[in-house]
Amino acid sequence: PSARAPRAEIAMSVSRPCIAIGFKDSAKVKNGAEIIALELATNTILDAAFGKGSLSYDRLYRKGLIDDSFSASFAREESFGHTVIGGETDDPDLLTQAISDVLRGLRRKGFNRRDIERLRRRRLGRYVRAFDSPEEIVFFSADALLKGVDPFDFPALIKGVKRSALFDRLESHFIDGNFSTSLITPAGA
């Protein structure tokens, strides 16, 4: 699978360049439970690579490549899915290269058991905190139920994220040629 266009750029009325790197998801899924498993694996990888507690986030932030606008997220439905990573940056090309390097390094290094357990606990904490917000739990529950998954099954699904599933997902989704870069630059710059 490859992205249709490797890069798109447009000038708009913004103060700083804004970049979004989108990875096309071509995984074949048969039901909602497989979608949820894919979401959990992909978001665990994104937490490990680009979460605010990750070493790479800290490194990119200290280098001035990212700021608080930076995010990484995955969305999946039955017929399509994508990961989007990006935010405002003064050096879009350097940030694109750094994101690619982080993902390559993670594929090379992999995950250790302690990291996976920490990421599971973090995801489980997010699940529990969702119950503090009526709006968040309604959207979360509706999404799960529409996919045919009981929202109260999530703790078991989170604990079921295996190291091998994370590695397989890294190798199939976060690969060179499977992403497109969208860049908004300041008009008149």
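Residues numbered from 1 in each chain as written. Predicted model: local features only at pLDDT ≥ 70, side-chain atom pairs only at ≥ 80, totals over all residues. Heavy atoms only, no water.

## Describing the overall build of the protein chain
Put simply, the test is: Helix and strand definitions follow DSSP, with helices as H or I runs of at least four residues and strands as E runs of at least two, each counted in order from the N terminus. Put simply, the radius of gyration uses C-alpha atoms, and a globule should come to 2.2 Å times the residue count raised to 0.38. In what follows, a contact means two residues having at least one pair of non-hydrogen atoms within 4.5 Å. In short, Shrake-Rupley with a 1.4 Å probe defines the accessible areas, and a residue's cover is counted only from the protein chains shown. Only four residue types enter the tally: Lys and Arg on the positive side, Asp and Glu on the negative side; His and the chain ends are excluded. By convention, the charge on Lys lies at NZ, on Arg at CZ, on Asp at CG and on Glu at CD.
Looking only at helices and strands, the protein chain has seven helices and five strands in total. In sequence order, the secondary structure elements of the protein chain are arranged as β-β-α-α-β-β-α-α-α-α-α-β. For the protein chain, whose C-alpha radius of gyration is 17 Å, the value lies close to the compact-globule estimate of 16 Å for 189 residues. Overall, the C-alpha framework of the protein chain stretches about 50 × 35 × 35 Å when taken along its three principal axes. Contacts spanning at least 24 positions in sequence make up 79% of the contacts within the protein chain whose residues lie at least 6 apart. Surface accessibility of the protein chain: about 10700 Å² in total, with carbon and sulfur atoms responsible for 55%. The positive charge centre, built from 29 side chains, and the negative charge centre, built from 26, are 7 Å apart in the protein chain.

## Digging into the side chain of Lys147
As for its placement among the helices and strands, Lys147 is situated in the loop between helix H5 (134-146) and helix H6 (154-159). Beyond its immediate stretch of four places on either side in the chain, Lys147 contacts Gly32, Ala33, Ile35, Ile36, Glu39, Arg76 and Glu77.

## Some words on empty space enclosed by the protein
Quick note on the threshold: In the cavity and pocket records, a cavity denotes points on a 1 Å grid over the protein atoms alone where a 1.4 Å probe fits but cannot get out, a pocket denotes an open set with protein on both sides within 12 Å along at least 5 of 7 lines, and lining residues are residues with an atom within 4 Å of a point. Grid points are joined across faces, edges and corners, and a volume is the space filled by probe spheres set on the points. Gly falls in the polar group here, along with every residue not listed as nonpolar (Ala, Val, Leu, Ile, Met, Phe, Trp, Tyr, Cys, Pro) or charged (Asp, Glu, Lys, Arg).
Scanning all chains against the criterion turns up two cavities of 30 Å³ or more. Within this model, the largest cavity holds a volume of roughly 50 Å³. In this structure, the largest cavity is lined by Phe23, Ser100, Leu103, Arg104, Arg107, Phe174, Ile175, Asp176 and Phe179. Examining the composition of the lining of the largest cavity, we find that four residues originate from one element, helix H3 (residues 92-109), more than from any other. Within the lining of the largest cavity, the residues separate by chemical class into five nonpolar, one polar and three charged. Computed from the structure, the second largest cavity encloses a volume of approximately 40 Å³. Forming the boundary of the second largest cavity are Leu40, Thr44, Leu119, Arg120, Arg123, Ile158 and Val161. For the lining of the second largest cavity, the secondary-structure elements that each account for two or more residues are helix H1 (32-50) and helix H4 (113-130). No other element matches H4, which puts three residues into the lining of the second largest cavity.

## Focus: the packing of H1 against H3
Packed helix pairs are characterised by how far apart their axes lie and by the angle those axes make with each other. Spelled out, the test is: Each axis is a line fitted through C-alpha atoms, taken for helices only over the stretch in contact, and angles between the N-to-C directions span 0 to 180 degrees. Oblique is the label for every angle not falling under 35 degrees (roughly parallel), over 145 degrees (roughly antiparallel), or within 65 to 115 degrees (roughly perpendicular). We call a crossing left-handed when the near helix sits turned anticlockwise from the far one by less than a right angle, and right-handed when that turn is clockwise.
One can describe the packing of H1 onto H3 by two numbers: an axis separation of 10 Å at closest approach and a directional angle of 115 degrees. As far as their axial angle goes, H3 and H1 are roughly perpendicular. Both H1 and H3 take part in a crossing whose hand is right-handed. Two secondary-structure elements touch here, H1 through Ile45, Ala49 and Phe50 and H3 through Ile99, Val102, Leu103 and Leu106. Counted by class, the contact of H1 with H3 contains seven nonpolar, no polar and no charged residues.

## Looking at the layout of surface pockets
A volume near 660 Å³ is recorded for the largest pocket. Along the wall of the largest pocket there are 25 residues; nearest its centre are Leu40, Asn43, Asp47, Arg123 and Arg126. Examining the composition of the lining of the largest pocket, we find that seven residues originate from one element, H1, more than from any other. Residue composition of the lining of the largest pocket, grouped by class: 13 nonpolar, four polar and eight charged. Computed from the structure, the second largest pocket encloses a volume of approximately 310 Å³. Lining of the second largest pocket is provided by 15 residues; of these, Ala48, Ser54, Leu55, Ser56 and Lys109 occupy positions nearest its centre. The set of elements that each furnish at least two residues to the lining of the second largest pocket consists of H1, helix H2 (55-62), H3 and H4. Taken together, the residues that form the lining of the second largest pocket break down as six nonpolar, five polar and four charged.

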